[in-house]
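# Examining the three-dimensional arrangement
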Amino acid sequence: LAPWLTGRTVVSASLVDAVPGPKYAGLERAVGQRVREVTRRGKFLLLPLQREGRESGDELVIHLGMTGVLSHRAPGAHLRVRLGLDGSEPSALYFSDVRRFGRFMVVRSDRYDGLPTLRALGPDALSPAFTPELLRAALARSGAPVKAALLSQRPVAGVGNIYADEVLWRARVHPLRPARRLTRHETIALHGAIHEVLTAAVEAQGTTLYDYRTVAGEVGAYRERLSVYDHAGEPCPRCGTPIVKLVVAQRGTHACPSCQRPPRRRG
Ligand SMILES: [Zn+2]
């Protein structure tokens, strides 16, 4: 997606088989603007727009929801948005969405008033803005178990259920440990693990778009490298203790009871 979309100018924007509304807000503002780059924050794709070589302050925000698909080929059905592009092929970006949970809209950059989920998102896991200090500060503000804190996407965007189990295992932190009780050492280990796991996931997938879909719930080629997720009963790759499955934040969670010491029960 990024290579052929970056630098292209939008020449038309049309809603197709979709009711105008907040999910497609401001779409017409994209016309005449150039896509500066394709970036990602959690499950959102953010495309800052330029007019006559300068930042216009507008941003195209895309969220695939559960069933959204972006393509340079016209889909057979459920097409919602078509963006016409200048210059060479492909000459359009198509957004199809069977269940209509996705979003495809133009907003003012960093003014995500209508998008509370996006506004609450932490920095992207692979961006330079994501530092151990920032992670520590965000975890300190959380009243939840560390896995729930990660799933909230507030400390860092992009760690879904599967990757949360993997990074906590790498960092030797039990998923049920209260986020704000992690030591400095553990926070640094967790930060490092998040970076390593998501970097490997991106490498396993290849392009930004695949990575994006990965974050949206598919692990694809990275599945072979999983150490604990979906490995309940199998030996921990580090110490041999059988991996246990538990439920944290209503999600199936996998951990090594030996490497990841559970929090002490109170009372
Ligand atoms: Zn272990």
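Higher on the page you've got the structure.
In this text the structure is predicted, and so the values were computed from the model without any measurement.

Next up on the list: the coordination of the zinc ion. Put simply, a metal with four donors set out as a tetrahedron has ideal angles of 109.5 degrees, and one with six donors set out as an octahedron has ideal angles of 90 or 180 degrees. Taken together, C236 (SG), C239 (SG), C256 (SG) and C259 (SG) make up the protein donors of the zinc ion, found 2.2 to 2.4 Å from the metal. Classification of the site at the zinc ion as tetrahedral follows from its four donor atoms and the range of 101 to 114° in their angles at the metal. Every donor residue of the zinc ion comes from the same chain, spaced as C-x2-C-x16-C-x2-C. Of this pair, C239 sits in the loop between α7 (208-215) and β10 (244-248) while C256 sits in the segment after β11 (251-255); the two residues are 17 residues apart in sequence, bridging distant segments of the chain. For C256, a relative accessible area of 0% puts it in the buried group.

Let's shift gears to the sheet that holds strand β1 (residues 10-15). Taken in spatial order, the four strands make up an open sheet running β1-β7-β8-β6, and their pairing is antiparallel. Taken across any chain shown, the strands that pair with only one partner, and hence form the sheet edges, are β1 and β6 (68-71). Taken over all neighbouring pairs, the strand axes of this sheet differ in orientation by 15° on average, direction set aside. In this structure, β1 lies alongside strand β7 (residues 79-85), joined through five bridges in antiparallel fashion. Bridged to A13 within β7 is L83.

The next point concerns the pattern of salt bridges. Evaluation of the coordinates by the stated rule reveals ten salt bridges. In this structure, R36 and E37 form a salt bridge, with 3.1 Å as the shortest nitrogen-oxygen distance. By relative accessible area, which is 31% here, E37 ends up partly exposed. Salt-bridge contacts for D124 lead to R40; the nearest nitrogen and oxygen are separated by 3.3 Å. Residue D124 is located in the loop between α2 (116-119) and α3 (132-140), and its partner R40 is located in strand β3 (residues 39-41); the two are separated by 84 residues in the primary sequence. Like D124, the residue R40 is buried in the burial classification. The network of salt bridges with common partners includes R29, D58 and R108.

Before going further, it helps to examine the packing of aromatic side chains. Summed over all chains, the structure comprises one aromatic pair. Here the aromatic rings of F95 and F104 are separated by 5.3 Å at their centres, their planes lie at 40°, and the arrangement is tilted. An identical accessibility class is assigned to F95 and F104; each is buried. Sitting over the face of the ring of W169, R238 holds its NZ or CZ atom 4.0 Å from the ring centroid.

Turning to the nonpolar core, a few remarks are in order. L139, V146, V167, L190 and I194 are the most contacted members of the largest nonpolar core, which totals 29 residues. The set of elements that each furnish at least two residues to this core consists of α3, α4 (146-151), α5 (161-170) and α6 (184-205). Element by element, the count of residues in this core is highest for α6, at seven residues. Contacts of V167, omitting those with residues within four sequence positions, involve L150, L190, A193, I194 and V197.

Within the span of α3, buried status applies to L135, A138 and L139. The buried residues of α3 occupy an angular sector of 95° when the element is viewed end-on, so they sit on one face.

What follows concerns α5. Burial analysis of α5 places nine of its ten residues in the buried class, which makes it a mostly covered element. The complete set of buried residues in α5 reads N161, I162, Y163, A164, D165, E166, V167, L168 and W169. Just beyond α5, the residue with positive phi is R172, at close to 60°.

What counts and how
Residues numbered from 1 in each chain as written. Predicted model: local features only at pLDDT ≥ 70, side-chain atom pairs only at ≥ 80, totals over all residues. Heavy atoms only, no water. Donors = N, O, S within 2.8 Å, 3.2 Å for Na, K, Ca; no water. Tetrahedral: all angles 85-135°; square planar, octahedral: opposite > 155°, others 65-115°. Helix = DSSP H or I, 4+ residues; strand = E, 2+ residues; numbered from the N terminus. Buried < 20%, exposed > 50% of the residue type's maximum accessible area, 1.4 Å probe, protein only. Pairing = 2+ DSSP bridges. Axes fitted to C-alpha atoms, helices over the stretch in contact; angles between N-to-C directions. Salt bridge = Lys/Arg side-chain N within 4 Å of Asp/Glu carboxyl O. Phe/Tyr/Trp six-rings, centres within 6.5 Å; stacked < 30°, edge-to-face > 60°. Lys NZ or Arg CZ within 6 Å of the ring centre and 35° of its normal. Core = buried A, V, L, I, M, F, W, Y, C linked by side-chain atoms within 4.5 Å. Contact = heavy atoms within 4.5 Å. Arc of directions from axis to C-beta.

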